[in-house]
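# Summary of the model geometry
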Amino acid sequence: MQMLSLTKVCAGYSGFQALFEVSVEVEAGEAVAVIGPNGAGKTTLLRVISKLIGATSGEIRMEGASLARVPAHEVVSRGIAHVPENRRLFPRLTVEENLRMGAFPRAARKRYGERLEFVYGLFPRLEERRGQPAGTLSGGEQQMCAIGRALMSGPKLLLLDEPSAGLAPVVVQAIFDLVRRICAQGYTVLIVEQNIRQVLKVVGRAYLLEAGRIRLAGNSREFLDSQEIRKTYLGL
Ligand SMILES: Nc1ncnc2c1ncn2[C@@H]1O[C@H](COP(=O)(O)OP(=O)(O)O)[C@@H](O)[C@H]1O
Ligand SMILES: [Mg+2]
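Let us now look at the overall build of the protein. Within the protein, the secondary structure is distributed over eleven helices and ten strands. Its C-alpha atoms give the protein a radius of gyration of 17 Å, within 12% of the compact-globule value 18 Å for 236 residues. Each principal axis of the C-alpha atoms in the protein carries an extent, and together these give about 45 × 45 × 35 Å. Residues classed as buried in the protein amount to 42% of the 236 residues present. A sequence separation of at least 24 residues applies to 67% of the contacts in the protein between residues at least 6 apart.

Below, the structure is given as structure tokens:
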């Protein structure tokens with residue numbers, strides 16, 4: 001079953017076009033990566049899916065239903081959770097208060113206790129630090145908290161914007177292991193990364209976005225074997 005589809009989506013910022021006829025598909029249960037250099041439009045792509053910015057043309061569907069008339073604050077109730085670039089936690093609120101913020105849709109509030117238990121089961125470290133202000137966590141723990149917060153809404157599709165950015169190499173490894181565990185739990189994941197070699201080990205398929213256009217699409221093996229990817233992005 002198709003979870004998410006973008007068909008020829010164009011989008012941008014007042015007078016500046018950042019995405020050109022971008023088509024992306026994600027099947028239920030799949031993990032898919034969007035890779036590409038800085039400024040390619042990866043963050044814009046995730047923002048347009050969660051309706052933080054509007055598409056100027058093209059179509060976005062979630063489980064077959066168009067998102068055209070869905071306002072940003074209702075996207076989460078369609079089953080989409082977005083973990084933004086730079087995590088955007090509330091630094092003075094505790095870990096648990098941050099997690100509670102992720103459970104604000106009414107349907108999610110009812111299942112708060114159960115979800116909290118699930119998130120703490122997935123990330124025991126967060127439970128140990130439940131009463132600590134989020135701003136005092138390490139970078140890797142903050143990323144866990146941001147992902148945990150997104151899971152509190154009970155999403156079907158998780159959008160991850162560069163979860164490994166700014167983290168030390170051993171922590172990057174831990175974050176990718178975590179993403180692998182989330183995929184194994186049956187979540188559908190669309191992940192944006194600059195850490196290309198590592199993300200291709202986690203996902204089944206990928207898209208290469210350059211200057212707002214999809215330049216290549218294929219399975220991870222094809223990406224790892226591609227001369228262009230090897231030369232330009234893996235330095236081989
Ligand atoms: N708020 C904004 N206003 C104007 N231009 C923006 C804004 N955000 C991003 N851009 C531009 O859109 C392009 C794509 O940016 P972005 O989606 O952040 O790329 P990436 O995440 O791949 O690094 C870049 O040229 C960037 O300068
Ligand atoms: Mg970005």
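Before going further, it helps to examine the site of ligand 1. Neighbouring ligand 1 are Tyr13, Phe16, Ala18, Gly36, Asn38, Gly39, Ala40, Gly41, Lys42, Thr43 and Thr44. Elements that contribute at least two residues to the shell around ligand 1 include exactly β2 (16–27) and α1 (42–49). The leading source of residues in the shell around ligand 1 is α1, at three residues. Here the residues of the shell around ligand 1 are counted per class, giving four nonpolar, six polar and one charged.

Despite not being glycine, Glu21 has its phi angle at roughly 45°, a positive value. Tracing the sequence through the fold places Glu21 in strand β2. Despite not being glycine, Asn86 shows a phi value in the positive range, around 65°. Position of Asn86 among the secondary structure elements: in the loop between β6 (80–83) and α3 (95–101).

Attention now moves to α1. Burial of α1 is extensive: seven of the eight residues sit out of reach of the surface. Buried within α1 we find Lys42, Thr44, Leu45, Leu46, Arg47, Val48 and Ile49. Remark: Lys51 follows α1 within two positions and exhibits a positive phi of approximately 70°.

Mapped onto the elements of the fold, Gly102 is located in the loop between α3 and α4 (106–110). Aside from chain neighbours lying at most four places away, what touches Gly102 is Arg149, Ala150, Met152 and Ser153.

A few words on the sheet that holds strand β5 (residues 65–66). Taken in spatial order, the four strands line up as β2-β1-β4-β5 in an open sheet, and their pairing is antiparallel. Pairing within the sheet leaves two strands with one partner each, and these edge strands are β2 and β5. Sheet analysis places strand β1 (residues 2–13) next to β2, joined by eight bridges and oriented antiparallel. Looking across to β2, one finds that Tyr13 is bridged to Phe16. Where α1 meets the sheet, its contacts fall on β1, β2 and β4 (55–62), and the angle it forms with β2 comes to roughly 70°.

Thresholds applied
Residues numbered from 1 in each chain as written. Chains lettered and ligands numbered in written order. Predicted model: local features only at pLDDT ≥ 70, side-chain atom pairs only at ≥ 80, totals over all residues. Helix = DSSP H or I, 4+ residues; strand = E, 2+ residues; numbered from the N terminus. Rg over C-alpha atoms; globule rule 2.2 N^0.38 Å. Buried ≥ 20, exposed ≤ 12 C-beta atoms within 10 Å, placed from the backbone. Contact = placed C-beta atoms within 7 Å. Near = placed C-beta within 6 Å. Nonpolar A, V, L, I, M, F, W, Y, C, P; charged D, E, K, R; others polar. Pairing = 2+ DSSP bridges. Axes fitted to C-alpha atoms, helices over the stretch in contact; angles between N-to-C directions.

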